[in-house]
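Here is how the chains run, residue by residue.
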Amino acid sequence: METEKINQLVIGWLKQARKMILASFSRKLTVETKTSRNDLVTELDRQVEGFLVQHIKANFPTAQIISEESRPKLKKFDPKQPLWIIDPIDGTMNFVKTHHDFAIMIGIYQQNQGKLGYIYDVMNDRLYHGGPEKGVFCNQQRLKPPANLPLSQGLLEVGALTLLYDRFHLQRIVLASNGVRIYGSAGMQIIRVLTGQVVGYVSHLKPWDLAAGRVLAETLGLTVKTIDGSVPDVLSSVDVLVATKNAQEDIVRMAQAPY
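Keep in mind it's a predicted model, so treat the numbers as computed, not measured.

**Observations regarding the packing of helix 6 (residues 186-194) against helix 7 (residues 207-219)**
Turning to step 1, where the next piece is worked out: For the pair helix 6 and helix 7, interaxial distance at closest approach is 9 Å and the crossing angle is 10°. When the interaxial angle is binned, helix 6 and helix 7 end up roughly parallel. In this structure, helix 6 contributes Ala186, Ile190 and Leu194 to the contact, and helix 7 contributes Asp209, Gly213, Leu216 and Ala217.
Turning to step 2, where the next piece is worked out: Here the residues of the contact of helix 6 with helix 7 are counted per class, giving five nonpolar, one polar and one charged.

Next up, the structure:
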């Protein structure tokens, strides 16, 4: 896998995608709903996706691609060939309503292993990128692994519906932490775990929500598992916990304990 070549190309593509997004703020966008009135897609989601897919195919013809808006039914893939998993705009509701707290995400896997991950905090122009061969960076600054804090010593990020429906006893888990934060973007919330601002993130995630963050989190020594402690499949939509090892143990224990 041509890691350095891929890295240089992807960084350039993401910078160009940012320009497309910023330029869109000067005009009215077409906004549609998908599964519900709170599940949005815009013409920019599709434009960014098309731009990235076009460049990936042009430079890496054997690449297999899964992206949120096109959603190909790729149930099986050749593990010998790179698998690119894309979320063109993660946090579309934030993008539409606030023009903030959204990200572009790309995860690249080969031989069932995460090779490179990219989470681009577009509005702050901060690109979190890397993988096991090179470490994790925010732009040019290398990130250190976050402190291995327990749940009781940190904030916890959650998905809104997971908390509202009290899945896995999440409400009592939140009460055992220093507080809860909800931002409506998996990428932005995973960034806060990577940088040690919070000790964990719990939510139901689809492949494009998790792929990039999983590579970066595991490279930094964080755990990425389902609530029952198993390792999620790269193509599955599951309830996932991204956390420090100590917080993960605390959360799993509380999730499995009876009231």
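There is more to say after this.
**Details of the pattern of salt bridges**
Turning to step 1, where the next piece is worked out: Within this structure, the stated rule accounts for eight salt bridges.
Turning to step 2, where the next piece is worked out: Here aspartate 125 makes a salt bridge to arginine 18, at a shortest N to O gap of 3.9 Å. Linking aspartate 125 in the loop between strand 6 (113-121) and strand 7 (126-131) with arginine 18 in helix 1 (residues 3-24), this pair joins segments that are 107 residues apart in sequence.
Turning to step 3, where the next piece is worked out: Taking the relative accessible area as the measure of exposure, aspartate 125 reaches 28% and is therefore partly exposed.

**Some words on the sheet that holds strand 4 (residues 83-90)**
Turning to step 1, where the next piece is worked out: Across the sheet, which stays open at both edges, the seven strands sit in the order 3-4-5-6-7-8-9 with mixed pairing between neighbours. Among the strands making up the open sheet, the edge pair consists of strand 3 (64-67) and strand 9 (141-142).
Turning to step 2, where the next piece is worked out: The pairing of strand 7 with strand 8 (residues 135-138) spans four bridges and is classified as antiparallel. Paired with glycine 130 across the bridge in strand 8 is valine 136.
Turning to step 3, where the next piece is worked out: Along the sheet face, helix 6 touches strand 4, strand 5 (103-110), strand 6 and strand 7 and points at about 105° away from the line of strand 6.

About the criteria used
Residues numbered from 1 in each chain as written. Predicted model: local features only at pLDDT ≥ 70, side-chain atom pairs only at ≥ 80, totals over all residues. Heavy atoms only, no water. Axes fitted to C-alpha atoms, helices over the stretch in contact; angles between N-to-C directions. Helix = DSSP H or I, 4+ residues; strand = E, 2+ residues; numbered from the N terminus. Parallel < 35°, antiparallel > 145°, perpendicular 65-115°, else oblique. Contact = heavy atoms within 4.5 Å. Nonpolar A, V, L, I, M, F, W, Y, C, P; charged D, E, K, R; others polar. Salt bridge = Lys/Arg side-chain N within 4 Å of Asp/Glu carboxyl O. Buried < 20%, exposed > 50% of the residue type's maximum accessible area, 1.4 Å probe, protein only. Pairing = 2+ DSSP bridges.

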